[in-house]
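Geometric and topological summary
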Amino acid sequence: MYLIRKAITKDINNLLHIDLASFGNHHWSYNAFLSEFTSDYSNYLVCVDSLNESTIIGYIGYWKILDEGHITTLAINPNHRRNHFADILLYKLIYSAIKKKIRWLTLEVRVSNIAAQNLYYKFQFKNLGIRKKYYQDNNEDALILWTNNISSPRYIEHINSLIVKYDTYADILH
């Protein structure tokens, strides 16, 4: 059984391990996470094992800027990848954003990260451009992805249709 909840500062050390495994030498620092968790603009969710909440499966975060949400990070513990946790965290983020009156979501993703792109395309993000040499570690370009209005009935129907097939995770979806 799993639980999705708001990230808290005592989660940071566990997030650092996932971040390092996911992003290598260019992972966030403890202070970067702490700054995010204490910002009025930031919203972070973690997926945890409900029997041991210190076992973090993955996390996702976004900034709220007026009626836009900027997804800052999404990472899943390597031991739990390919089990739909990224889909579920993104789904929960979208509903969190809708409650906060956000209408559009945006993010940057590496041009080489096809798995992440496919996740976002499944949730109807669209490629609206490229940020040249965006990533400092290797000067890789980033795709700029945006959604249409996430609070529209059509969009909500679409994401609900994606998630319905994950009935195994029904306890954390609602």
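About the cut-offs
Residues numbered from 1 in each chain as written. Predicted model: local features only at pLDDT ≥ 70, side-chain atom pairs only at ≥ 80, totals over all residues. Heavy atoms only, no water. Helix = DSSP H or I, 4+ residues; strand = E, 2+ residues; numbered from the N terminus. Rg over C-alpha atoms; globule rule 2.2 N^0.38 Å. Buried < 20%, exposed > 50% of the residue type's maximum accessible area, 1.4 Å probe, protein only. Contact = heavy atoms within 4.5 Å. Areas by Shrake-Rupley, 256 points an atom, 1.4 Å probe, with all protein chains shown as cover. Lys, Arg positive; Asp, Glu negative; His and termini not counted. Charge placed at Lys NZ, Arg CZ, Asp CG, Glu CD. Salt bridge = Lys/Arg side-chain N within 4 Å of Asp/Glu carboxyl O. Polar contact = N/O pair within 3.5 Å; in protein donor to acceptor, adjacent residues only side chain to side chain. Expected span 1.5 Å × (residues − 1). Right-handed = clockwise from strand over helix to strand, strands pointing away.

A separate point is the overall build of the chain. Within the chain, the regular secondary structure consists of six helices and seven strands. Secondary structure elements of the chain occur, N-terminal to C-terminal, as β-α-α-β-β-β-α-β-α-β-β-α-α. Taken over the C-alpha trace, the chain has a radius of gyration of 15 Å; the compact-globule value for 174 residues is 16 Å, and the two agree within 12%. Overall, the C-alpha framework of the chain stretches about 40 × 35 × 30 Å when taken along its three principal axes. Within the chain, buried positions represent 44% of all 174 residues. Looking at the chain alone, contacts between residues at least 24 apart form 61% of all its contacts between residues at least 6 apart. Element-wise, carbon and sulfur atoms account for 51% of the exposed surface of the chain, whose accessible area totals about 9600 Å². Positive and negative charge centroids in the chain, built from 19 and 16 side chains respectively, lie 4 Å apart.

Take glutamate 36: it is sitting in helix α2 (residues 30-38). No salt bridge is formed by the buried glutamate 36. Its closest oppositely charged neighbour is lysine 6, at 12 Å. A polar contact is formed between the side chain of glutamate 36 and the side chain of serine 42, at a distance of 3.0 Å. Only 2.7 Å separates the side chain of glutamate 36 from the side chain of tyrosine 44, close enough to count as a polar contact.

In this section: helix α3 (residues 85-99). Taking 1.5 Å of rise per residue, the 15 residues of α3 would be expected to cover 21 Å, and the 21 Å separating its terminal C-alpha atoms lies within 8% of that figure. Here α3 lies mainly inside the structure; 12 of its 15 residues are buried. Those residues of α3 lying buried are Phe85, Ala86, Asp87, Ile88, Leu89, Leu90, Tyr91, Leu93, Ile94, Ser96, Ala97 and Ile98.

Moving on: the pairing of strand β5 (residues 104-110). Sheet faces and side chains relate simply in a regular strand, where the side chains alternate between the two faces. Across the seven residues of β5, five count as buried, placing the element largely inside the fold. Once the chain exits strand β4 (residues 68-76) it traverses α3 before rejoining the sheet at β5, and the crossover so formed is right-handed.

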